[in-house]
Protein chains: 2
Amino acid sequence: MPARTLYRTAIQPDWIDYNQHLNDAYYIVAMSRACDAFMVAVGIDEAYRSSTQCTLYSLEAHAHWLREVKFGEMLEIGAHVIAVDSKRVHVGFEVRVAGKDGLAATGEFMLLHYRQGEQAGAATFPATIRSAIEQFNGPDAGEWAGPVSRALTLTKRA
Amino acid sequence: MPARTLYRTAIQPDWIDYNQHLNDAYYIVAMSRACDAFMVAVGIDEAYRSSTQCTLYSLEAHAHWLREVKFGEMLEIGAHVIAVDSKRVHVGFEVRVAGKDGLAATGEFMLLHYRQGEQAGAATFPATIRSAIEQFNGPDAGEWAGPVSRALTLTKRA
């Protein structure tokens, strides 16, 4: 079952590069915006951020580019919670082109719940947020299909 | 020894997000531009691309965000060739803030030499390009320091 779609965007003209397709980095820009939508969906919205000074910081990410995207196409991005602990959430993003089968890209992000300001540092999720994250996928979601993060290597894998 | 610096950029105002720092995705935009500079440095420049229809496509990447970057700071990005084979090159990018010690981010990219157009597909590097890639780091470069790509997990590592 595909990840839950929560962000759609047209391709901006300045996202197209000299290769005449969506520049690699702008798949990540779109995933980052989908991550903003994910935050809102689990309650880490503007009101929460401003009242608690807590937000999510990206620690690490792994992307796979799977298909070229052309100007005029529309991206649809879904998110899938892979794992969560007291302060971190591991989210998989699936990028699709509207009207086409298959994935255009995937990205896994490791995100830290972080308090900004004078008492800056990693912060425990409140129970309501943690619960919203745990319930984000829905009961029929199954495992995230990937492709998954890994050590990059040119050596043939076993 | 730090990776060879080949791209510098100021932070654009629209690269700053609601967290009042450089948005995660725009570190990747800056790395992608450094990758363009890397391509030029090894001979995959506009003239080469237009005469051969060959370019580099990003297959996969892994990023670590290590430090916040604020508006007004300047990024300096270095590249280090980790490995190369007949059609692919594995490059590590190091993002630093000018005038500050340490890394702000790193990214490993797996890049494929790809022919666009009617005979689209993976293409073998010409000997001159392959040689330029092999010599890119310089004799004193040593190993890339990372942090390195890996499977993301919330499980404690052994």
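Residues numbered from 1 in each chain as written. Chains lettered and ligands numbered in written order. Predicted model: local features only at pLDDT ≥ 70, side-chain atom pairs only at ≥ 80, totals over all residues.

Visitor: Tell me about the relation of the copies chain A and chain B, residues and numbers included.
Guide: Once turned by 180° and shifted 0.0 Å along the axis, chain A lies on chain B with an RMSD of 0.0 Å. The two molecules are tied by a two-fold rotation axis, judged by turn and shift. Interface overlap between copies is the fraction of interface residues in one copy that are interface residues in the other; for chain A against chain B it reaches 100%, indicating a shared surface. (Least-squares fit on C-alpha atoms with pLDDT ≥ 70 in both. Contact = placed C-beta atoms within 7 Å.)

Visitor: Describe the pairing of strand S2 (residues 54-65) of chain B, and please don't skip the residues or the numbers.
Guide: Counting buried positions along S2 of chain B gives nine out of twelve residues, so the element sits mostly inside the fold. Across five bridges, strand S2 (residues 54-65) of chain A lies against S2 of chain B in antiparallel orientation. When the bridges of S2 of chain B are listed, alanine 61 of chain A appears paired with alanine 63 of chain B. Across eleven bridges, S2 of chain B lies against strand S5 (residues 105-115) of chain B in antiparallel orientation. Its bridge partner being in S5 of chain B, serine 58 of chain B is matched across the sheet by leucine 111 of chain B. (Buried ≥ 20, exposed ≤ 12 C-beta atoms within 10 Å, placed from the backbone. Helix = DSSP H or I, 4+ residues; strand = E, 2+ residues; numbered from the N terminus. Pairing = 2+ DSSP bridges.)

Visitor: Explain the interface of chain A and chain B to me, and be specific about the residues and the numbers.
Guide: By a frequent convention, interface size equals the accessible area lost on bringing the separate parts together. Taken together, the contact pairs 28 residues of chain A with 28 residues of chain B. If you tally residues by element for the side of chain A that touches chain B, the top one is S2 of chain A, at nine residues. Residue composition of the side of chain A that touches chain B, grouped by class: 13 nonpolar, nine polar and six charged. (Nonpolar A, V, L, I, M, F, W, Y, C, P; charged D, E, K, R; others polar.)

Visitor: Provide a residue-level description of unusual backbone geometry, including the pertinent values.
Guide: Residue and element names in this part refer to chain A. Cis geometry is found at the peptide bond from glycine 146 to proline 147, where omega equals 10°. As for its placement among the helices and strands, proline 147 is situated in the segment after helix H3 (127-134). Of note, glutamine 20 is a non-glycine position whose phi angle comes to about 65°, a positive value. When the 11 C-beta atoms within 10 Å are taken as the criterion, glutamine 20 is described as exposed. Phi angles above zero are rare outside glycine, and glutamine 53 is one such case at about 60°.

Visitor: Just give me the short version of the pairing of strand S3 (residues 74-84) of chain A, but keep the residues and values in it.
Guide: Residues and elements named next belong to chain A. For S3, the tally of buried residues reaches nine of eleven residues, placing the bulk of the element in the interior. As defined by bridge partners, strand S1 (residues 4-10) adjoins S3 across six bridges and the pair is classed as antiparallel. Bridge pairing in S3 places tyrosine 7 opposite isoleucine 77. Examined bridge by bridge, S3 and strand S4 (residues 88-97) share nine bridges and lie antiparallel to one another. Across the sheet, glycine 78 pairs through a bridge with glutamate 94, a residue of S4. Hairpin geometry of S3 and S4 is characterised by an intervening segment of three residues between the two adjacent antiparallel strands.

Visitor: So what's going on with the confidence of the model for chain A? Which residues, and what values?
Guide: Looking at chain A, pLDDT values average 94 and 98% of them are 70 or higher. As a predicted assembly, this complex carries a pTM of 0.95 together with an ipTM value of 0.95. (pLDDT = per-residue confidence, 0-100.)

Visitor: An account of the environment of lysine 100 of chain B is requested, with residue identities and associated values reported.
Guide: All names here are of chain B. Along the chain, lysine 100 falls in the loop between strand S4 (88-97) and S5. Take lysine 100: there are 13 C-beta atoms within 10 Å of it, and that puts it in the partly exposed class. Each C-alpha atom, one on lysine 100 and one on serine 86, is 37 Å from the other, the two residues being 14 residues apart in sequence.

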